[in-house]
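# Structure assessment
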Amino acid sequence: MSESASIYDLLEEIDNATEGDLTLGDVTDSLKSQGFGPLIFIVAVAAILPTGAIPMVPTICAVVISIFSIQLLFGASGPWLPKFLRDRSIKRSTFTKAKQKAQGLAKKLDKLISKRHEHLFTQFSIKLTAVCMLFLSFVIPPMEIMPFLAALPAAAIALFALALIARDGIIFVAAYLLAATAVAVTLYTNI
């Protein structure tokens, strides 16, 4: 993984962003310099973890992902959220528990991802990825009906975000494969 951003370090950066309850605005501000990848990753992981079983959490995550995806698609210089989403908060204790669960996975991910096949990251492919993440964010709300089913498109989005963070072409291709699987499962369960 690049020296500038490990997943483990990103979790620490978010944790150190504020003392009290954590808002989406705090997260956005603390990771703004890292670009869209870390923010999309964190939000997608929230839909994958047990927090994703809480009603409306996957839908809120999908809305945030769609906002970031649209910004990425149109070449925004950095992530932005409207005030009503920036003010959404989670309790510090809830974040701390989620962070503790995620730290082990973060260390493993940091060992697996690295800069590989960077030639796959063209301006066109990044815009195509933004479109895919946007589409997948629209898939999440209908899948929320069945607990943890929304985790499938969220996992594809998380892989896209990891690929963007590390410029890892292998993760990039895996994300596209998982996205196709998520779309197939969505079509199968809704037909």
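Computed from a prediction, not measured in an experiment: that's the story for all the values here.

Along its length, the protein carries nine helices and two strands. Listed by position from the N terminus, the elements making up the protein come as α-β-α-α-α-α-β-α-α-α-α. The C-alpha radius of gyration computed for the protein amounts to 15 Å, which stays within 12% of the reference 16 Å derived for 191 residues, consistent with globular compactness. For the protein, the C-alpha atoms occupy an extent of roughly 40 × 40 × 30 Å along the three principal directions. Taking the 16 positively charged and 14 negatively charged side chains of the protein as two groups, their mean positions are separated by 4 Å.

Here the focus is the packing of helix H7 (residues 123–143) against helix H8 (residues 151–166). The contact between H7 and H8 brings their axes to 8 Å, and the two run at 155°. Our classification of the angle between H7 and H8 gives roughly antiparallel. Read as a crossing pair, H7 and H8 show a hand that is left-handed. Counted together, Ile126, Thr129, Cys132, Met133, Leu136, Ser137, Val139, Ile140 and Met143 of H7 and Pro153, Ala154, Ala156, Ile157, Phe160 and Leu164 of H8 form the full contact between these two elements. The class makeup of the residues in the contact of H7 with H8 is 13 nonpolar, two polar and no charged.

How each quantity is defined
Residues numbered from 1 in each chain as written. Predicted model: local features only at pLDDT ≥ 70, side-chain atom pairs only at ≥ 80, totals over all residues. Heavy atoms only, no water. Helix = DSSP H or I, 4+ residues; strand = E, 2+ residues; numbered from the N terminus. Rg over C-alpha atoms; globule rule 2.2 N^0.38 Å. Lys, Arg positive; Asp, Glu negative; His and termini not counted. Charge placed at Lys NZ, Arg CZ, Asp CG, Glu CD. Axes fitted to C-alpha atoms, helices over the stretch in contact; angles between N-to-C directions. Parallel < 35°, antiparallel > 145°, perpendicular 65-115°, else oblique. Left-handed = near helix turned anticlockwise from the far one by under 90°. Contact = heavy atoms within 4.5 Å. Nonpolar A, V, L, I, M, F, W, Y, C, P; charged D, E, K, R; others polar.

Geometric descriptors of this kind do not, in isolation, establish any biological role.
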